[in-house]
Amino acid sequence: MHCLTGCAIGEVLGQVIGVGFGLHNGATVALSIALAFVFGYALTARGVLKAGLSVGAALKVALAADTVSILVMELIDNGVMVAVPGAMNAGLGQLLFWVSLAASLVLAFVVTVPVNRWLIGRGLGHAVVHAYH
């Protein structure tokens, strides 16, 4: 949940900043992806830091645990936002933007959970973090 929550925070923040400041769609997508990775990794690292890992070790665990999950989530999130006509150009006060963003997050979550389960079942992805909880 750390990864998915961080990813969602970064995605929403990136979309809101990009749309709010009228950035080009490509810049908004890039910002959303960058922030999703930053927040996803940060929330996971925060959890393993509490287990006593060094910052460097915590970042390595977060990278191993979350990269595939965040990548899949971002492909779906941003793919939906780009695919919905007008969603990326709608203003923050328009329902189209918020409904599209909410739908993109729900769909990304639905797709990413089975990917994470598959990885965990093979000792990969978030299974790396489980040793520190």
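Residues numbered from 1 in each chain as written. Predicted model: local features only at pLDDT ≥ 70, side-chain atom pairs only at ≥ 80, totals over all residues. Heavy atoms only, no water.

## Structural notes on the overall build of the chain
Then comes step 1: Secondary structure assignment for the chain yields five helices and zero strands.
Then comes step 2: Counting from the amino terminus, helix and strand elements in the chain follow one another as α-α-α-α-α.
Then comes step 3: Taken over C-alpha atoms, the radius of gyration comes to 15 Å for the chain, in line with the 14 Å a tight globule of 133 residues would show.
Then comes step 4: The principal-axis extent of the C-alpha atoms belonging to the chain is close to 45 × 25 × 20 Å.
Then comes step 5: The 133 residues of the chain split such that 41% are buried. (Helix = DSSP H or I, 4+ residues; strand = E, 2+ residues; numbered from the N terminus. Rg over C-alpha atoms; globule rule 2.2 N^0.38 Å. Buried < 20%, exposed > 50% of the residue type's maximum accessible area, 1.4 Å probe, protein only.)

## Describing the packing of aromatic side chains
Between two aromatic rings, the relevant description is the distance of the centres plus the angle of the planes.
Then comes step 1: If you walk through the whole model with that rule in mind, you get two aromatic pairs.
Then comes step 2: A centroid spacing of 5.6 Å and a plane angle of 55° characterise the contact between phenylalanine 37 and tyrosine 41, whose relative ring orientation is tilted. With phenylalanine 37 and tyrosine 41 both in helix H2 (residues 25-49) and four residues apart, the pair spans about one turn of that helix.
Then comes step 3: Under the relative-accessibility criterion, phenylalanine 37 is labelled buried at 18%.
Then comes step 4: Residues phenylalanine 97 and tryptophan 98 carry aromatic rings whose centres are separated by 4.8 Å and whose planes lie at 85° to one another, so their mutual orientation is edge-to-face.
Then comes step 5: By relative accessible area, phenylalanine 97 is classed as buried at 0%. (Phe/Tyr/Trp six-rings, centres within 6.5 Å; stacked < 30°, edge-to-face > 60°.)

## Focus: the environment of leucine 4
Then comes step 1: By secondary structure assignment, the location of leucine 4 is in helix H1 (residues 2-20).
Then comes step 2: A relative accessible area of 9% places leucine 4 in the buried class.
Then comes step 3: Leaving out residues up to four positions away in the same chain, leucine 4 has contacts with Ser69, Met73, Phe109, Thr112, Val113 and Asn116. (Contact = heavy atoms within 4.5 Å.)

## Focus: the environment of alanine 131
Then comes step 1: Relative to the helices and strands, alanine 131 is located in the segment after helix H5 (127-130).
Then comes step 2: Put simply, alanine 131 and lysine 60 are 71 residues apart on the chain and 14 Å apart in space, counted from C-alpha to C-alpha.

## Digging into the packing of helix H3 (residues 55-83) against helix H4 (residues 95-121)
Then comes step 1: Here H3 crosses H4 at 150°, and the two axes come no closer than 8 Å. With respect to each other, H3 and H4 are oriented roughly antiparallel. When you trace H3 past H4, the crossing you get is right-handed.
Then comes step 2: Across the contact of H3 with H4, the residue classes break down as 15 nonpolar, five polar and one charged. (Axes fitted to C-alpha atoms, helices over the stretch in contact; angles between N-to-C directions. Parallel < 35°, antiparallel > 145°, perpendicular 65-115°, else oblique. Left-handed = near helix turned anticlockwise from the far one by under 90°. Nonpolar A, V, L, I, M, F, W, Y, C, P; charged D, E, K, R; others polar.)

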